[in-house]
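# Analysis of the macromolecular model
Each chain, letter by letter, is given below.
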Amino acid sequence: MSERGAAATPARAVTGTDPMQPAPWRVVRTQPETHDTFTMTLAPVGAGPPFTFEAGQFNMLFAPGVGEAAISMSGCTGTVDKVVHTIRAAGRVTKTLQGLKRGDVLGLRGPFGKPWPARQAEGHDVLLVAGGIGLAPLRPALCHMLENRERFGRVNLLFGARSPRDIVFAKEIETWRGRFDVNVEVTVDRAESDWHGRVGVVPTLVPRAQFDPANTVVFVCGPEIMMHFTRRELERHGVPDESIWVSMERNMKCGVGFCGHCQFGPLFICKDGPVFRYDRVASLLGIREV
Ligand SMILES: Cc1cc2nc3c(=O)[nH]c(=O)nc-3n(C[C@H](O)[C@H](O)[C@H](O)COP(=O)(O)OP(=O)(O)OC[C@H]3O[C@@H](n4cnc5c(N)ncnc54)[C@H](O)[C@@H]3O)c2cc1C
Ligand code: FES
């Protein structure tokens, strides 16, 4: 499978000609997903160029007076008048974003990065494999596939969370599960006796997916250890590395290839990724930032 798929149509920058200049966006809605994760809907302040993005791309969100963090779009793709992000309150910036209320204004630069190669997946079986908040960047890909269902073979979502209370998009997962044209498998690492679902790590879901290994495209997003063991399980089932795509996370500053902060061996996560074909980053997985 060609690697060029990830370099699909570049999205238009909402920030105009200067990608370092955040544009003001207003909080329209904030909705809790779990105890530490929330989904935030933003609309631009004033008129501007249309915001167009593809699944897997990210924005730099600027919490005034605190700093910026890279956050993927988690809403459906295309040209949109509102942008949706799902955020885990992990540190200073994301905790500040969590505290914003409807009507508050933040800064946004983007969209940046290479998307999932959704067009290359057309005509193939698809496995979307997510760990925790890794479901956020995969949700637009699933949304696109469900909206264009006839273009894809069997579609599988394999999702793992640390515990039942860490399951993001819980209601939507129920809705997807109710459809006949997508296979949804969920597991948790650990649970109390009131959990009636599966317990185990995400790679244990691979044998439950419905796919032809020779005709399958896999998108994986989650902690690197989870991506590593998922790929190993896929290999056991005959899926070649050229069919596996992963989304990498590293600390970002500029988001556009200027500062070198996200350098990952010879690659810049912000502009060469965050989505990479597995064989391109295999030797670098697990290496800490330089
Ligand atoms: C391309 C890309 C896409 C991303 N998409 C998303 C997304 O959609 N949603 C999302 O939630 N995140 C996403 N991230 C991750 C997000 O950018 C980082 O988590 C970012 O560092 C958060 O910034 P922060 O200032 O809030 O946290 P930071 O201060 O940078 O903290 C990040 C890490 O440090 C730990 N930490 C922070 N403070 C402390 C402390 N006092 N003690 C111990 N540990 C601490 C946190 O647990 C966390 O693991 C993405 C990253 C990339 C590169
Ligand atoms: S974040 Fe600056 S080069 Fe990638």
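Note: the structure precedes this text.
It should be emphasised that the depicted structure is a prediction, and the values quoted were computed from it without experimental measurement.

## A short note on the nonpolar core
The biggest cluster of nonpolar side chains holds 34 residues, and the ones touching the most others in it are L127, V129, V218, V220, I244, V246 and M248. Every element with two or more residues in this core is listed here: β4 (58-63), β9 (125-131), β13 (216-221), α5 (224-236), β14 (244-247), β16 (267-268), α6 (269-272) and α7 (278-281). It is α5 that provides the largest number of residues to this core, a total of 3 residues. Not counting residues up to four positions away in its chain, the partners in contact with L127 are N156, L158, A209, F211, T216, V217, V218, F219 and L234. Counting 32 residues, the second largest nonpolar core, distinct from the first, contains W116, A121, A130 and V168.

## Remarks on the state of the cysteines
Taken as a whole, this structure holds 1 disulfide when the rule is applied. The disulfide partner of C76 is C143, and the S-S distance across this bridge is 1.7 Å. Taking the torsion about the sulfur-sulfur bond, which here is approximately 95°, the covalent link between C76 and C143 counts as right-handed. With a gap of 67 residues between them, C76 in the loop between β5 (67-72) and β6 (78-80) and C143 in helix α3 (residues 135-147) connect regions that are remote in the sequence. Relative accessible area serves as the criterion here: at 36%, C76 is assigned to the partly exposed category. With relative accessibility at 12%, the residue C143 sits in the buried group.

## So, the sheet that holds strand β17 (residues 275-277)
Spatially, the 7 strands line up as an open sheet ordered β12-β11-β10-β9-β13-β14-β17, and their pairing is mixed. Whereas interior strands pair on both sides, the edge strands pair on one side only; in this sheet they are β12 (198-199) and β17. Two elements, β13 and β14, share 3 bridges in a ladder whose sense is parallel. Bridged to V220 within β14 is V246. α3 rests against β9, β10 (155-161) and β13 of the sheet, and its axis sits at about 155° to β9. In the packing of helix α4 (residues 170-177) onto the sheet, contacts are made with β10 and β11 (183-188), and the angle to β11 comes to roughly 140°.

## A few points about the site of ligand 1
Around ligand 1 lies a shell of 19 residues, among which A70, S72, T86, R88 and T94 are the nearest. The backbone of G91 places a nitrogen or oxygen atom 3.2 Å from an oxygen atom of ligand 1. For ligand 1, the accessible surface in isolation is 960 Å², of which the surrounding protein chains cover 61%. Of all elements in the fold, only β5, β7 (83-88) and α1 (92-99) reach the threshold of two or more residues within the shell around ligand 1. Of the residues contributing to the shell around ligand 1, the split by class is 10 nonpolar, 5 polar and 4 charged.

What counts and how
Residues numbered from 1 in each chain as written. Chains lettered and ligands numbered in written order. Predicted model: local features only at pLDDT ≥ 70, side-chain atom pairs only at ≥ 80, totals over all residues. Heavy atoms only, no water. Core = buried A, V, L, I, M, F, W, Y, C linked by side-chain atoms within 4.5 Å. Buried < 20%, exposed > 50% of the residue type's maximum accessible area, 1.4 Å probe, protein only. Helix = DSSP H or I, 4+ residues; strand = E, 2+ residues; numbered from the N terminus. Contact = heavy atoms within 4.5 Å. Disulfide = S-S within 2.5 Å. Pairing = 2+ DSSP bridges. Axes fitted to C-alpha atoms, helices over the stretch in contact; angles between N-to-C directions. Near = heavy atom within 4 Å. Polar contact = N/O pair within 3.5 Å; in protein donor to acceptor, adjacent residues only side chain to side chain. Areas by Shrake-Rupley, 256 points an atom, 1.4 Å probe, with all protein chains shown as cover. Nonpolar A, V, L, I, M, F, W, Y, C, P; charged D, E, K, R; others polar.

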